[in-house]
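Spelled out, the chains give:
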Amino acid sequence: FHLWPEIFKGGFVGVDAFFVISGFLITSLLIAEIEQTGRLDLADFWSRRLRRLLPAATVVLLVSLYLALRFIPETEWINTAKQVLGSALYVQNWVLVTQSVDYLARESSATVVQHYWSLSIEEQFYFAWPVIIFLCAWLSRKSGFAIRSVTAIYAAAIFVTSLLWSIFATRGAPEAYFTTTTRAWELAIGATLAILWPRIALPRAARIGLSWLGFALLVASAFLIRQGIAFPGWIATLPTFGTAFMILGNQLPGASATLLSVQPIRFIGDISYAVYLWHWPLIIVA
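Basis of the calculations
- Residues numbered from 1 in each chain as written.
- Predicted model: local features only at pLDDT ≥ 70, side-chain atom pairs only at ≥ 80, totals over all residues.
- Heavy atoms only, no water.
- Salt bridge = Lys/Arg side-chain N within 4 Å of Asp/Glu carboxyl O.
- Buried < 20%, exposed > 50% of the residue type's maximum accessible area, 1.4 Å probe, protein only.
- Helix = DSSP H or I, 4+ residues; strand = E, 2+ residues; numbered from the N terminus.
- Contact = heavy atoms within 4.5 Å.
- Axes fitted to C-alpha atoms, helices over the stretch in contact; angles between N-to-C directions.
- Left-handed = near helix turned anticlockwise from the far one by under 90°.
- Nonpolar A, V, L, I, M, F, W, Y, C, P; charged D, E, K, R; others polar.
- pLDDT = per-residue confidence, 0-100.
- Expected span 1.5 Å × (residues − 1).
- Arc of directions from axis to C-beta.
- Phe/Tyr/Trp six-rings, centres within 6.5 Å; stacked < 30°, edge-to-face > 60°.

*Asks:* Hey, could you run me through the pattern of salt bridges in this one?
*Replies:* Between side chains of opposite charge, a pair can form as their charged atoms come close. On inspection of all chains with the given rule, the structure shows five salt bridges. The partner of Arg183 in a salt bridge is Glu186, with the nearest N and O atoms 3.3 Å apart. Just as Arg183 is buried, Glu186 falls in that class too. When salt bridges with common partners are traced through the structure, they connect Asp16, Arg183 and Glu186 into a single cluster.

So, in structure tokens, the structure goes:
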């Protein structure tokens, strides 16, 4: 989408798929830790996330700042510096909101670090969601209800509230694309799926069928969704639920995941974080 927007008109839905997957994986880890140890070590979780994400992200920010000073017009320097700082503090999405940036406007002048908006939402999720699960674990012990039951209520509440906000409250405002409140429901889909995972008793054939339906929804979204459509909103349910359906297939033989587990697709997945960080500043500078 960033290179050939006329072909992959809705390629930006890759971010929506990313949020669902992230919500699923992180919630799976957190719930598993509580069920296995009876506690949740927030400091250890946050330190592991920072060790994984912060070094590479910081290097790219520094290189991007240098490239901007070296190649980008001087009129863009101040705004670039503001957004580099926002990206370093993982509030880049809110910086873009305050500037009323329209991500899908082709004529807009993007900085070398605009893409950090999605990583900022991710980091905000890493901070807030474990705290909520920590509190759910406390409520679980006090009430006697299972941790998954208590957490599912909160995940569902976030999903409903955020989705309704995304559809109705923002009314297609361009800056709604970046806000955490209009994106939280996408992470909540993955989180809810992870919470309910042991209780999902779908037949094998149904899981395989849903995985291919999800794959079709995700691919179709990349070509059919385009600028001019209020996003995110109800239309974002296509790639997000499509991703959730793909996860349901897991590693079952014949599910869509078997297609995505072959090389070179798996190699791209392995280096996806580096590709995400580096590709945008190089495109902008070029």
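Okay, back to it.
*Asks:* What am I meant to see in the environment of Ala137 here?
*Replies:* Tracing the backbone through its elements, the reader meets Ala137 in helix α5 (residues 116-143). The spatial distance from the C-alpha of Ala137 to the C-alpha of Val150 is 7.9 Å, given a sequence separation of 13 residues. Excluding residues within four positions of it along the chain, Ala137 makes contact with Ile34 and Ile147.

*Asks:* Honestly, the packing of helix α1 (residues 14-37) against helix α7 (residues 184-196) in this entry has me stumped. Any pointers?
*Replies:* Helices that pack against each other are described as a pair by the angle of their axes relative to one another and the distance between those axes. With their axes 7 Å apart at the nearest point, α1 and α7 run at an angle of 35° to one another. Relative to α7, α1 is oriented so that their crossing is right-handed. Contact residues: α1 offers Asp16, Phe19, Val20, Ser22, Gly23, Phe24, Thr27 and Ser28, while α7 offers Glu186, Leu187, Ile189, Gly190, Ala191, Leu193, Ala194 and Ile195. Looking at the contact of α1 with α7 residue by residue, the class counts come to nine nonpolar, five polar and two charged.

*Asks:* Mind showing me how you'd approach the confidence of the model for the protein here?
*Replies:* Reading predicted coordinates in detail is not appropriate for stretches of low pLDDT. Per-residue pLDDT for the protein has a mean of 91; in total, 96% of the residues score no lower than 70. By mean pLDDT, the top-scoring element of the protein is α7 (97), and the lowest-scoring one is helix α10 (residues 256-260) (87).

*Asks:* Sorry if this is basic, but what is going on with helix α3 (residues 77-88) here?
*Replies:* An α-helical turn contains 3.6 residues, so a residue and the one three or four places further along point in the same direction. Taking 1.5 Å as the rise per residue, α3 with 12 residues should run 16 Å; its terminal C-alpha atoms sit 16 Å apart, in good agreement. For α3, the set of buried residues is Thr80, Gln83, Val84, Gly86 and Ser87. All buried residues of α3 lie within an arc of 160° about the axis, which places them on one face of the element. Exposed residues lying more than 90 degrees from the buried face of α3 are Ile78, Lys82 and Leu85. Turning to α3, the residues buried within the fold contact α2 (42-71), α4 (92-98) and α5. Where α3 terminates, the next one or two residues include Tyr90, which has phi positive at roughly 60°.

*Asks:* Got a minute to help me understand the packing of aromatic side chains in this structure?
*Replies:* Tallied over the full model, the rule gives 19 aromatic pairs. Look at Phe159 and Trp185: their rings are 6.2 Å apart centre to centre, the planes differ by 65°, and that puts the pair in the edge-to-face class. Taken together, the positions of Phe159 in helix α6 (residues 147-169) and Trp185 in helix α7 put the pair 26 residues apart, joining distant regions of the chain. Summarising the burial analysis for this pair, Phe159 and Trp185 share the class buried. Judged by centre distance (6.1 Å) and plane angle (35°), the ring pair of Tyr177 and Phe231 falls under tilted.

*Asks:* Whenever I open this one, helix α9 (residues 237-249) confuses me. Can you help?
*Replies:* Across its 13 residues, α9 extends 18 Å between first and last C-alpha, which sits within 8% of the 18 Å expected from 1.5 Å per residue. Among all positions in α9, only Pro239, Thr240, Gly242, Thr243, Ala244, Met246, Ile247, Leu248 and Gly249 are buried. The secondary structure elements touched by the buried residues of α9 are α1, α7, α8 (204-224) and α10. Phi for Asn250, located one or two positions after α9, is positive at around 50°.

*Asks:* Explain unusual backbone geometry to me, please; I cannot follow it from the model alone.
*Replies:* The phi torsion of most residues other than glycine is negative, and most of the peptide bonds are trans. At the junction of Gln263 and Pro264, the peptide bond is cis and its omega measures out at 5° in the coordinates. Along the polypeptide, Pro264 turns up in the loop between α10 and α11 (265-270). Notably, Tyr90 is not glycine yet its phi reads approximately 60°, a positive angle. Take Tyr90: it is sitting in the loop between α3 and α4. Positioned with a positive phi, Asn250 is a non-glycine residue whose angle comes to about 50°. Turning to its location among the elements, Asn250 is positioned in the loop between α9 and α10. On the basis of relative accessible area, Asn250 is assigned to the partly exposed category, the value being 41%.

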